[in-house]
Amino acid sequence: MDIVIRHAREEDLEAAGRVSVEAFVGDGFTSPGSGYVDLLRDTARRSREAELLVAVDAVEGSVLGCVTFAVGGTEWADIADPHEGEIRMLATAAAARGRGVGEALVRAAIGRSRELGLAGMAFSTRPDMTNAHRIYERLGFRRTPERDWAPYPGMDLMVYTMAF
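One structure accompanies this document, and this report is about it. (Residues numbered from 1 in each chain as written. Predicted model: local features only at pLDDT ≥ 70, side-chain atom pairs only at ≥ 80, totals over all residues. Heavy atoms only, no water.)

So, about the pairing of strand E3 (residues 63–71). Within E3, 8 of the 9 residues are buried, leaving the element largely enclosed by the surrounding structure. In terms of strand pairing, strand E2 (residues 51–57) meets E3 through 6 bridges, oriented antiparallel. Opposite Val 56, over in E3, you have Val 63 as the bridge partner. The turn linking E2 back onto E3 is made up of 5 residues, and Gly 61 within it adopts a positive phi angle of 80°. Two elements, E3 and strand E4 (residues 84–92), share 6 bridges in a ladder whose sense is antiparallel. Looking across to E4, one finds that Val 71 is bridged to Gly 85. (Buried < 20%, exposed > 50% of the residue type's maximum accessible area, 1.4 Å probe, protein only. Helix = DSSP H or I, 4+ residues; strand = E, 2+ residues; numbered from the N terminus. Pairing = 2+ DSSP bridges.)

Quick look at the structure:
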């Protein structure tokens, strides 16, 4: 595989922020002026307060995608219980789509959950993020509608889980 997944380094942070904003705004999941864009861009904070995993091109070293990984019960976990891992803000650069970047990042988060001895994973996704849903389902995650939630009116989120 020509993709390397690792914890973000200082030199990755700016590019990871760009990829995150590009994916969420470019795909229409977030408006350019929303406060969420600032959170997406602030990869230094995500790296400090959770774990920021990046996918980099093995030859060029360019950032192709990223995901925030958090343990349930911590600040960056929205829905996971303390015995679960959670992914947030999964993003792949438009130019890198179709290379398996998103799947590799999710697999790395699964591996990280297992390394930490967690019992599984739980995370939220928007109903319209259908490309991501296909990845999750292919990797063995299952819809868990009884855990669906809305952080605010009009923002309905679906939950996917996996038990180890």
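Having seen it, we continue.
Another point: the packing of aromatic side chains. All chains considered together, the criterion is met by 6 aromatic pairs. Centroid distance Phe 123 to Tyr 160: 6.2 Å. Interplanar angle 15°. Geometry classified as stacked. Note that Phe 123 is positioned in strand E5 (residues 120–125) and Tyr 160 in strand E7 (residues 158–163), a separation of 37 residues in sequence. For the pair shown, Phe 123 and Tyr 160 are each scored as buried. One aromatic cluster is present, formed by Phe 123, Tyr 136, Phe 141 and Tyr 160 through successive ring pairs. The ring of Phe 164 is capped by Arg 114, whose NZ or CZ atom sits 4.4 Å from the centre of that ring. (Phe/Tyr/Trp six-rings, centres within 6.5 Å; stacked < 30°, edge-to-face > 60°. Lys NZ or Arg CZ within 6 Å of the ring centre and 35° of its normal.)

Here the focus is the nonpolar core. With 49 residues, the main nonpolar core has Phe 24, Ile 87, Val 106, Tyr 136 and Phe 141 as its most contacted residues. Ranked by residues supplied to this core, first place goes to helix H1 (residues 13–26) with 7 residues. When neighbours within four sequence positions are excluded, Phe 24 is seen to be in contact with Phe 29, Thr 30, Tyr 36, Leu 40, Met 89, Leu 90, Ala 91 and Met 129. (Core = buried A, V, L, I, M, F, W, Y, C linked by side-chain atoms within 4.5 Å. Contact = heavy atoms within 4.5 Å.)

Here the focus is the packing of helix H4 (residues 101–115) against helix H5 (residues 130–138). At a minimum axis distance of 10 Å, the contact between H4 and H5 shows a crossing angle of 50°. By the angle between their directions, the pair H4 and H5 is classed as oblique. Once H4 is placed against H5, the crossing between them reads as right-handed. Contacts between H4 and H5 pair Gly 102, Glu 103 and Val 106 from the former with Ile 135, Tyr 136 and Arg 138 from the latter. (Axes fitted to C-alpha atoms, helices over the stretch in contact; angles between N-to-C directions. Parallel < 35°, antiparallel > 145°, perpendicular 65-115°, else oblique. Left-handed = near helix turned anticlockwise from the far one by under 90°.)

Turning our attention to the pattern of salt bridges. In total, this model carries 17 salt bridges according to the counting rule given. When the shortest N-O distance is used, the salt bridge between Asp 81 and Arg 147 registers 3.8 Å. A residue pair is termed long-range when its members are at least 10 positions apart, and Asp 81 in the loop between E3 and E4 and Arg 147 in the loop between strand E6 (142–143) and E7 qualify at 66 residues. Accessibility expressed as a relative area gives 34% for Asp 81, which makes it partly exposed. Taking the shortest distance from any N to any O, the salt bridge between Arg 107 and Glu 103 comes out at 2.9 Å. (Salt bridge = Lys/Arg side-chain N within 4 Å of Asp/Glu carboxyl O.)

Turning our eyes to something else, we now look at H5. Every buried residue belonging to H5 is among Ala 132, His 133, Ile 135 and Tyr 136, and all of these are buried. One side of H5 carries all its buried residues, which in axial view fall inside an arc of 160°. Turned more than 90 degrees away from the buried face of H5, the exposed residues are Asn 131 and Arg 138. Buried residues along H5 sit against E4, H4, E5 and E7. (Arc of directions from axis to C-beta.)

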